[in-house]
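As a plain string of letters, each chain reads:
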Amino acid sequence: MLKKTVLIFSCFLFFSLLSLNPANAFTIGKSPNHPERTWNIIESEHFLIHYYPQFEELAKEASHLAEEVYFKVTKDLNASPSSKVPIILTQDEFLNGYAEPIKNRIVLDPFLMKSSIIGARRFISHEFTHIITYEAFSTGIAISKLYGLGNAPTWFLEGLAQYEAEYWYPSYDRMLRLHTLERSILTPTERDAFIILGADEGAAGYNEGYAFIKYIFDTYGHDKLAKILAEIKSNNVPLFIAMERVVGKSLLVLDAEWRQNLEVNY
């Protein structure tokens, strides 16, 4: 079985190489899939919101929300984009939303953005956190952002995005309590590979990754976040080494502490 980090790195590399292809480049003005549609743009201090005319109100909201989250995320991760970040509102993508490290842009489904389940603020903040995480790994060359991703497991990247973007909702707590009481919390190895383990383990991986990240940085200091990203970048080391150097404890020890904390709480 492929190690999870290799698999995820390959996926990011695949999508990033696609983004380098001029045929896949986003063209301002016309949609390549729907030539009858015209793109409009709202430009704010740090973002370019691209949208179809029928989503103008949502685009305005997205512009305001993006600016609101900009300073929190860039301060927490101690990184910022070198230019304005495009946010593309389109129904033409096969994913609900994602961030592209090479193009440094965010693509979002406008209908999911409007749902009460996800919410536009959480959606934008989550994907923007990914963009700034890529920036934190960058050495000035676009492809260098991917090198850092190879050192950071997906549960960490997704947990970090949730930690920056979301409150700890009751639904998260119910899932975590159930897995704690059933003694079915993912092992560290399972967490590293949670995306390929199926729907149930996948949901648990996102939830537990968020909970574990929250425990670490709420317990040992929010400031450790940027320091860990900087350690991964500066010395090209995997997360478990960066974590031990910055926090002073290994990931396995932190995992054991977190599990014990769950037992006490539940």
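The rules behind the values
- Residues numbered from 1 in each chain as written.
- Predicted model: local features only at pLDDT ≥ 70, side-chain atom pairs only at ≥ 80, totals over all residues.
- Heavy atoms only, no water.
- Pairing = 2+ DSSP bridges.
- Helix = DSSP H or I, 4+ residues; strand = E, 2+ residues; numbered from the N terminus.
- Axes fitted to C-alpha atoms, helices over the stretch in contact; angles between N-to-C directions.
- Buried < 20%, exposed > 50% of the residue type's maximum accessible area, 1.4 Å probe, protein only.
- Arc of directions from axis to C-beta.
- Contact = heavy atoms within 4.5 Å.
- Phe/Tyr/Trp six-rings, centres within 6.5 Å; stacked < 30°, edge-to-face > 60°.
- pLDDT = per-residue confidence, 0-100.

Reading across from one edge, E1-E2-E3-E5-E4 is the order of the five strands in this open sheet, with mixed pairing throughout. In the strand order of this sheet, the two ends are held by strand E1 (40–43) and strand E4 (97–100), each with one partner. Mean inter-strand twist for the sheet, computed between neighbouring axes without regard to direction, equals 15 degrees. Examined bridge by bridge, strand E2 (residues 47–51) and strand E3 (residues 85–89) share four bridges and lie parallel to one another.

Within helix H11 (residues 239–247), the full set of buried residues consists of Leu 239, Ala 242, Met 243, Val 246 and Val 247. Along the long axis of H11, the arc covered by the buried residues comes to 100 degrees, so they all point the same way. Next to the buried residues of H11 lie helix H6 (154–165), helix H9 (199–220), helix H10 (224–235) and helix H12 (251–265). Of the residues flanking the end of H11, it is Gly 248, one or two places downstream, whose phi is positive at about 95 degrees.

This part takes up the packing of aromatic side chains. Under the criterion given, the structure shown has 16 aromatic pairs. Look at Trp 168 and Tyr 210: their rings are 5.1 Å apart centre to centre, the planes differ by 70 degrees, and that puts the pair in the edge-to-face class. Taken together, the residues Trp 168 in the loop between H6 and helix H7 (170–181) and Tyr 210 in helix H9 connect sequence positions 42 residues apart. According to the relative accessible area criterion, Tyr 210 is buried, its value standing at 1%.

For the protein, per-residue confidence averages 85 on the pLDDT scale, and 85% of positions sit at 70 or higher. This stretch, residues 1–27, has a pLDDT under 50; its non-local contacts, to residues over four places away or in other chains, come to 37 contacts.

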